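So you can see what is in the structure, the chains are spelled out below.
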Amino acid sequence: MLKGKHILLGVTGGIAAYKSAELIRLFIKTGCSVKVIMTRHATEFITPLTLQTLSGNPVFMDMFSLIRDHDIAHIALAEEADVLVIAPATANIIGKMAAGLADDLLTTVALATKAPVLICPAMNTNMYENAIVRENMRKLASRGCHIMAAGEGELACKTEGSGRLPDLQDILDEVQSLLTEKDLAGKRILVTAGPTREPFDPVRFITNYSSGKMGYALAIVARRRGAAVTLISGPTVLPVPSGVDFIPVSSALEMREAVMQHLKTADMVIKSAAVADFRPSTRADDKIKKKSGPLTLTLERNPDILAEIGKKKEGRILIGFAMESEDLVENAKAKLMKKNLDLIVANDVKQSGAGFQTDTNIVKILDRAGGIEELPLMDKMEVAGRILDRAKQLFK
Ligand code: C5P
């Protein structure tokens, strides 16, 4: 989603400057171009050569140089940027920006640009908590700058607390969010994702291969597009997406309870979780001992959450998923009607590149009027975008 965008990265003089190298790589991987401005102090921590090599562009430091023949550096850089990211941002740059100073290239560009500005603070805990730094951040926020909260943990100065550079993936997410049109603003979307675990003793359970990737992609993209997102997730190894209300659950019964609790406030529910249809009828209090001969487990039906909320729609938009290994379209169509959905997203487990665990999917989106939109093999983030495009039309 950042393809073709121009990111201007300001690196200032804190120990976290070394992380800017990795941040540049993350940006570049998305297909955008990165130009870097370093303050003089930043060059004490990491060399311009490193950032120049990784960004594939000259690193800018000097106020009084020309880019190309006659382009003045601070104006050309400020105009070209789609976003200015300052990471790490020291207390010093925050203070200078809050005061409206322009005594080096970075502060001058920050004043000259009309692009959104994202500030990612990193400093010692006492500095981060200092009242004047707080006040400066509030002032910048009130003038339209976007300020990320610093991370918590062990700092380079050996103290524990807040002041770490925000997680690099969160910075990337924030940039993507800043550059995304907020066409779902004001909408409240409930997404379910991942597998469920159905225990039959304290250490064992039945589950499926769902990774949660499709549902997390939906939550991330919906949030970037301005929706207020609640993500109810079964156990996955994925990082919790930033900016969403995250509710971890384990079993289908827990998922049902969480969905019912949050249903009232949702304008749309997207159920991409692979909820187990059956659970063991009993759960032993102690670990079941190994013995010779077979062990028989009796399974009973779990509630079909989607079908249940389809019965009391109350104007909500409902989107379900169907993963099938045969008669994909017929089965999906039947589910769409039976569960009273607005859309169903169908995929064939047998197709390579589709379904569980992969980063890609091949889906068909079916609607109630009988329309079938067939999407080619795509990244799950892109699939999420296409599903939300269809969902948006339903709001009208
Ligand atoms: O009928 P099937 O289980 O294939 O339907 C899949 C859809 O129904 C998915 O959207 C899934 O999240 C939802 N579902 C559910 N509760 C269940 C089983 C599936 O909400 N117990």
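All of these numbers come straight from a predicted model, not from anything done at the bench.

Criteria and cut-off values
- Residues take numbers from 1 onward in each chain, read along the sequence in its written order.
- pLDDT decides what is reported in this predicted model: residues at 70 or higher carry local features, side-chain atom pairs at 80 or more are listed and counted, and totals for whole chains, interfaces and linings draw on all residues regardless.
- Hydrogens and waters are ignored; side-chain quantities use all the structure's heavy atoms.
- Numbering goes from the N terminus for both helices and strands, where a helix is a DSSP run of H or I of at least four residues and a strand is a run of E of at least two.
- Identification of polar contacts relies on pairs of N or O atoms within 3.5 Å, with a donor-acceptor requirement for protein atoms, meaning one able to donate a hydrogen and the other able to accept it, and with residues adjacent in sequence counted only if both atoms are side-chain atoms.
- Residue contacts are defined here by distance: any two heavy atoms, one from each residue, within 4.5 Å place the two residues in contact.
- Put simply, the grid is 1 Å and covers the protein atoms alone, a cavity is a trapped set of points that fit a 1.4 Å probe, a pocket is an open set with protein on both sides within 12 Å along at least five of seven lines, and lining residues have an atom within 4 Å of a point.
- Grid points are joined across faces, edges and corners, and a volume is the space filled by probe spheres set on the points.
- We call Asp, Glu, Lys and Arg charged. Ala, Val, Leu, Ile, Met, Phe, Trp, Tyr, Cys and Pro are nonpolar, and the rest, Gly among them, are polar.
- Residue burial is assigned from relative accessible area. The probe radius is 1.4 Å, only protein chains are included, and a residue is buried under 20% of its type maximum, exposed over 50%, and partly exposed in between.
- Paired strands, as defined in this entry, are two strands with at least two bridges between them according to DSSP.
- Near residues are defined by distance, with any heavy atom within 4 Å of the molecule or strand qualifying the residue.
- A cavity or pocket is said to hold a molecule if more than half of that molecule's atoms lie within 2 Å of its grid points.
- Each domain's extent was defined by an automatic or database domain assignment.
- Only rings of Phe, Tyr and Trp enter the pairing, Trp through its six-membered ring, and a pair is recorded when the two centres are within 6.5 Å. The plane angle decides the type: under 30 degrees is stacked, over 60 is edge-to-face, the rest tilted.
- Throughout this description, the term charge over a ring refers to an Arg CZ or Lys NZ atom that lies within 6 Å of the ring centre and within 35 degrees of the ring normal.

### With respect to the side chain of arginine 279
- Inspection of the secondary structure puts arginine 279 in strand β17 (residues 278-280).
- A distance of 2.7 Å separates the side chain of arginine 279 from the side chain of asparagine 302, its partner in a polar contact.
- When sequence neighbours within four positions are dropped, the list of residues in contact with arginine 279 reads Glu198, Leu253, Thr298, Leu299, Glu300, Arg301, Asn302 and Pro303.

### So, the layout of surface pockets
- Of the voids in this model, the largest pocket is the one considered here, and its volume is about 1,000 Å³.
- Taken together, 42 residues make up the lining of the largest pocket; nearest its centre are Ala273, Ala274, Val275, Asp277 and Phe321.
- Broken down by secondary-structure element, the contributors of at least two residues to the lining of the largest pocket are α9 (213-224), β18 (299-301), α11 (305-311), β19 (317-324), α12 (328-338) and β20 (343-348).
- The leading source of residues in the lining of the largest pocket is α11, at four residues.
- Grouping the constituent residues of the lining of the largest pocket by class yields 19 nonpolar, 13 polar and 10 charged.
- Empty space within the second largest pocket amounts to approximately 860 Å³.

### Overview of the pairing of strand β11 (residues 188-193)
- The element β11 is largely enclosed, with a buried count of five among its six residues.
- In terms of strand pairing, β11 meets strand β14 (residues 228-233) through six bridges, oriented parallel. Within the sheet, the bridge partner assigned to threonine 192 lies in β14 and is isoleucine 232.

### Details of the site of the ligand
- Near the ligand the following residues occur: Lys271, Ala273, Val275, Asp277, Pro303, Asp304, Ile305, Leu306, Gly320, Phe321, Lys335 and Lys339.
- Lysine 335 has a polar side-chain atom sitting 2.3 Å from an oxygen atom of the ligand.
- Interatomic distance of 2.8 Å between a side-chain N/O atom of lysine 339 and an oxygen atom of the ligand.
- According to the grid-proximity analysis, the pocket containing the ligand is the largest pocket.

### So, the domain arrangement of the chain
- Its domain assignment divides the chain into domain 1 (6-178) and domain 2 (188-395).
- Placing a centre on the C-alpha atoms of domain 1 and another on those of domain 2 gives a separation of 39 Å.

### Looking at the packing of aromatic side chains
- Summed over all chains, the structure comprises one aromatic pair.
- Centroid distance tyrosine 216 to phenylalanine 246: 6.4 Å. Interplanar angle 65°. Geometry classified as edge-to-face. Taken together, the positions of tyrosine 216 in helix α9 and phenylalanine 246 in strand β15 (residues 245-248) put the pair 30 residues apart, joining distant regions of the chain.
- Owing to a relative accessible area of 4%, tyrosine 216 belongs among the buried residues under this scheme.
- When the ring centre of phenylalanine 395 is taken as reference, the NZ or CZ atom of lysine 187 above it lies at 4.7 Å.
- Over the face of the ring belonging to phenylalanine 278 we find arginine 301, whose NZ or CZ atom lies 5.7 Å from the ring centre.

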